[in-house]
Amino acid sequence: MATRTSARSRRVGSTGRLRWRELDLLLLGAVVLLSILGCVLVWSATIHRDDLTGGDSRAFLAKQVVNVGIGLGLMVVVAATDHRWVRILAPIAYGLAVVGLVLVLVMGTTVNGSQSWLMFGGLSLQPSELAKLAVVVGMALVVAERSEGRWRDRVGTVDVLLMLAVAAVPAVLILAQPDLGTMLVLSATVFGVVAASGAHRRWLALLVGSGVLVAIFAVVTGFLEQYQVDRFLAFTDPGLDPRGAGYNVEQARIAVGNGGLFGQGLFDGSQTSSGFVPEQHTDFVFTVAGEELGLVGAAFVIALLGIIIWRALAIAARSDDVFGRIAAAGIACWFGFQAFQNIGMCVGIMPVTGVPLPFVSYGGSSMFAGMLAIGLLQNIHLRTISAPASRMQPVKRVLVRG
């Protein structure tokens, strides 16, 4: 017993020190490579845009490098934190996320039709990005506190209702902004967490049905802003308003189509250098990869995202406790749907909703939230490999039971 305790302390114990060789190096490598590539793509998207950079062609590159550096620091802190403190701090993180969303509605700044930003001098923060991780951690903690140690095959009705209550508070505040893109990502994430918790299939069917009804209600009652409705109409027919709502979709598809197999060359994309694609360094950064690096470069970006999602699911499957399993699965659903939504709107198979591409798009809030999530995944991974073999036995079960 003393030997096991000593070994565990050397790995990630109370000292908080990390042994880098025991991290999930494939996950870490994919995140670092994707972040570096993102910096280059952001630079390419802004290098010819004097209207954005004020004449400093490296302005956004420098800012994004700082964002990545801070994000990696946050990742290391979370990965090195004792797992007991992670669970203790989870409710505090959730509470801070809710407070941030309330402050946005009280004193937030409106950008692109959504009151989603808090401005502090020259700094900006989007609390809804951090709320995604807070919801995942909060829902996982609810199930863990109620079921850990009993290893029930299925969570009960009360468990599911409590999880949905945890998600409902941030969801309502995000809808009030309104931030439709974040709401879609959050909905998909909540669905994944409920599924990973082992809820009965009828709950999953109920969630899907409720989502459809809410969408219909929002359109019929005029709850959505007109520009949001126009974006969905443009998705069904981009030629309907080529100079308005359909402009983003058309220009993005042209940029991606220009790339061919190997692209037009970094910094040489015709659509990119001309600034035809709106918000190209943020929501439409994937079009830079498609135009300048071609199908090969775009596929490499997708492959790195796929590795991150795969490792998150692998960590979830191997986790030795309920909290780790559900949190890791929720993070995988979050990254997976958000990447699909972002890339889908760049190629015209999803409506334009304004969500960033994880670890690639310019922005601090999204980068920080993503890196915190990676740190949590590494923390769960280290916790799992340091657990005694006897404690691993009860976890041999399927993530989703129905």
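Every residue gets a number counted from 1 within its own chain, in the order that chain's sequence is written. Restriction of local features to residues with pLDDT of at least 70 applies here, the model being predicted, together with a cutoff of 80 or more for giving and counting side-chain atom pairs; totals for whole chains, interfaces and linings are based on all residues. Hydrogens and water are ignored here; the side-chain numbers use all heavy atoms of the structure.

Trainee: Just to check I follow, could you spell out helix α14 (residues 322–347) for this structure?
Mentor: Counting along an α-helix, one turn takes 3.6 residues, and residues three or four places apart therefore face a common direction. Taking 1.5 Å per residue, 26 residues should reach 38 Å; α14 reaches 38 Å between its end C-alpha atoms and fits that length. Across the 26 residues of α14, 21 count as buried, placing the element largely inside the fold. Numbering of helices and strands runs from the N terminus; a helix is a DSSP stretch of H or I covering at least four residues, while a strand is a stretch of E covering at least two. One or two residues past the end of α14 sits glycine 348, with phi positive at roughly 90°. Helix span is expected to be 1.5 Å times the residue number reduced by one. Remark: exposure states derive from per-residue accessible area (1.4 Å probe, protein chains only) relative to the maximum for the residue type, with buried under 20%, exposed over 50%, and partly exposed in between.

Trainee: What should I look at first to understand helix α7 (residues 157–175) in this one?
Mentor: An ideal rise of 1.5 Å per residue puts 27 Å on 19 residues; α7 measures up with 26 Å between its terminal C-alpha atoms. The angle between axes fitted to the seven residues ending at a residue and the seven residues starting there is what we call the bend at that residue. Bending of α7 peaks at approximately 30° at the position of alanine 168, with proline proline 170 no more than four residues after it. Looking only at α7, the buried set comprises Asp159, Val160, Met163, Val166, Ala167, Pro170, Ala171, Leu173 and Ile174.

Trainee: What is the right way to look at the sheet that holds strand β3 (residues 123–125) in this model?
Mentor: We treat two strands as partners when DSSP finds at least two bridges between them. Reading across from one edge, β1-β2-β3 is the order of the 3 strands in this open sheet, with antiparallel pairing throughout. Each edge of the open sheet is held by one strand with a lone partner, namely β1 (109–111) and β3. Between one strand axis and the next, the sheet turns through 45° on average, direction left out of account. Sheet topology places strand β2 (residues 114–120) next to β3; 3 bridges connect them, and they run antiparallel. Residue pairing for β3: leucine 118 is matched across the bridge by leucine 125. We call two residues in contact whenever any of their non-hydrogen atoms come within 4.5 Å of each other. To obtain each axis, a line is fitted to C-alpha atoms, and for helices this fit is confined to the stretch in contact; angles are then taken between N-to-C directions over 0 to 180 degrees. Helix α5 (residues 83–107) rests against β1 and β2 of the sheet, and its axis sits at about 95° to β2.

Trainee: Explain the nonpolar core to me, please; I cannot follow it from the model alone.
Mentor: To form a nonpolar core, buried Ala, Val, Leu, Ile, Met, Phe, Trp, Tyr and Cys residues must be joined to one another through side-chain atoms within 4.5 Å. Counting 101 residues, the largest nonpolar core has Met139, Ile308, Ile331, Leu357, Phe359, Ile374 and Leu376 as its most contacted members. When residues in this core are grouped by element, the largest group, 14 residues, is from α14. The residues contacting isoleucine 308, other than those within four sequence positions of it, are Leu27, Ala30, Val31, Leu34, Phe335, Phe359 and Ile374.

Trainee: Whenever I open this one, a nonpolar patch on the surface confuses me. Can you help?
Mentor: Nonpolar side chains (Val, Leu, Ile, Met, Phe, Trp, Tyr) within 5 Å and like charges within 9 Å form the patches, drawn only from residues with over 30% relative accessible area and no salt bridge. For the accessible areas, the method is Shrake-Rupley and the probe is 1.4 Å, while residue cover comes only from the protein chains on display. We define a salt bridge as a contact between a side-chain nitrogen of Lys or Arg and a carboxyl oxygen of Asp or Glu at a distance within 4 Å. Taken together, the side chains of Val99, Val102, Leu103, Leu105, Val106 and Met107 make up a nonpolar region of the molecular surface, amounting to roughly 500 Å² of accessible area. Among the secondary structure elements, leucine 105 is positioned in helix α5.

Trainee: I'm lost on the packing of helix α2 (residues 25–46) against helix α13 (residues 286–318) in this one. Help?
Mentor: Think of two packed helices as two axes; the pair is described by the angle between the axes and how far apart they sit. Look at α2 against α13: their axes get within 9 Å of each other, and the N-to-C directions meet at 150°. By the angle between their axes, α2 is roughly antiparallel relative to α13. With respect to the hand of their crossing, α2 and α13 are arranged in left-handed fashion. Basically, the charged four are Asp, Glu, Lys and Arg, the nonpolar ten are Ala, Val, Leu, Ile, Met, Phe, Trp, Tyr, Cys and Pro, and anything else, Gly included, counts as polar. A class-by-class count of the residues in the contact of α2 with α13 yields 20 nonpolar, 1 polar and 2 charged. Any angle from 65 to 115 degrees is called roughly perpendicular, while one under 35 is roughly parallel, one over 145 is roughly antiparallel, and all others are oblique. The sense of a crossing depends on the near helix, which, turned anticlockwise from the far helix by less than a right angle, makes the crossing left-handed and, turned clockwise, makes it right-handed.

Trainee: Help me out: how do you make sense of the packing of helix α6 (residues 127–147) against α7 in this one?
Mentor: Viewed as axis vectors pointing N to C, α6 and α7 meet at an angle of 165°, and their least axial separation amounts to 9 Å. By the angle between their axes, α6 is roughly antiparallel relative to α7. Pair α6 / α7 crosses with right-handed handedness. Two secondary-structure elements touch here, α6 through Ser128, Ala131, Val135, Gly138, Met139, Val142, Val143 and Arg146 and α7 through Val158, Asp159, Leu162, Met163, Val166, Ala167, Pro170 and Ile174. Broken down by class, the residue content of the contact of α6 with α7 amounts to 12 nonpolar, 2 polar and 2 charged.

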